[in-house]
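Tertiary structure, described
Given next are the chains, with one letter for each unit.
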Amino acid sequence: MSAHPDLSVHLLLSAGRGPQECAWALAELLRRLEADATRQKLRTERIETVPGDRPGTYRSVLVRIAGAGPEAFAASWSGTLCWQAPSPYRASAGRKNWYVIARPCQVDTPRTAFAEADVDVVACRTGGPGGQHRNKASTAVRATHRPTGIVVVVDTERQFSLNRGIAMRLLRERIEHGDDAAERAVTTARWHVHDELVRGNPTRVERPARSPQGRGGSRSG
């Protein structure tokens, strides 16, 4: 039995709006990341991939990293990543630094399970139009969903049971709408990553492996 819980994080790598070399750099960096994860006994899975214009290149990749302590590993591969190598497409290009952005991201949000047992219902009186009966009888309902703190008050009907049913429906709808809004916020945050790429000042630099006589490998800072 493992001494550490098996956890997972998601890392989004994006070539942003960079040239095709950045999509090539992303593919190279992704392979380097996966090899690094294997050495650290972590598992990786490509959840979503958006291909580049050239075969074997990617505009973006969402990677799931799982195992013991994936957060520290993801942090070491977060920020502006640089693949330092000549362009494979343009011999005349003097530029050798190709940048990719990498950010941990949330993929989904848990849905809030609705159960009537989680709702506190109390009878109350409400004022306003509706005649003497509504003002005197405690037929209105104040319903509180304890897990979220959402409260609704319903007094549209003259029967407590009918108001209670309406209150339950309203609570369910508000909870579902809140979950939908949270999911949209997560998706929006992921799309914003593509526009965060800034050239220069990389947090990690990787280079192609060289022959045994030369020096190769990577540098992180």
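See the structure printed just above.
Residues numbered from 1 in each chain as written. Predicted model: local features only at pLDDT ≥ 70, side-chain atom pairs only at ≥ 80, totals over all residues. Heavy atoms only, no water.

1. Looking at helix α1 (residues 20-39)
Between the first and last C-alpha of α1 there are 29 Å, a value that for 20 residues agrees with the 28 Å anticipated at 1.5 Å per step. In terms of residue burial, α1 counts as a mostly covered element, since 14 of its 20 residues are buried. Two residues or fewer past α1, Lys41 is found with a positive phi of approximately 60 degrees. (Helix = DSSP H or I, 4+ residues; strand = E, 2+ residues; numbered from the N terminus. Expected span 1.5 Å × (residues − 1). Buried < 20%, exposed > 50% of the residue type's maximum accessible area, 1.4 Å probe, protein only.)

2. Concerning the pairing of strand β8 (residues 150-154)
Note: strand β7 (residues 140-145) against β8, five bridges, orientation antiparallel. The residue of β8 that forms the bridge with His145 is Ile150. Hairpin connection, β7 to β8: the antiparallel pair is bridged by four residues, and Gly149 has positive phi, about 80 degrees. (Pairing = 2+ DSSP bridges.)

3. Some remarks on the pairing of strand β1 (residues 7-14)
Counting buried residues in β1 gives six out of eight residues, a clear majority hidden from the surface. Pairing between β1 and strand β5 (residues 97-105): five bridges, direction antiparallel. Its bridge partner being in β5, His10 is matched across the sheet by Cys105.

4. Some remarks on the state of the cysteines
Taken as a whole and assessed by the stated rule, the structure comprises zero disulfides. Cys82 takes part in no disulfide bond, and the closest cysteine sulfur, belonging to Cys22, lies 9.4 Å away. Using a relative accessible area of 1% as the deciding quantity, one classes Cys82 as buried. (Disulfide = S-S within 2.5 Å.)

5. Details of the environment of Gln159
Looking at where Gln159 falls in the secondary structure, it is placed in the loop between β8 and α4 (160-193). Residues Gln159 and Val141 lie 18 residues apart in sequence; the distance between their C-alpha atoms is 9.8 Å.

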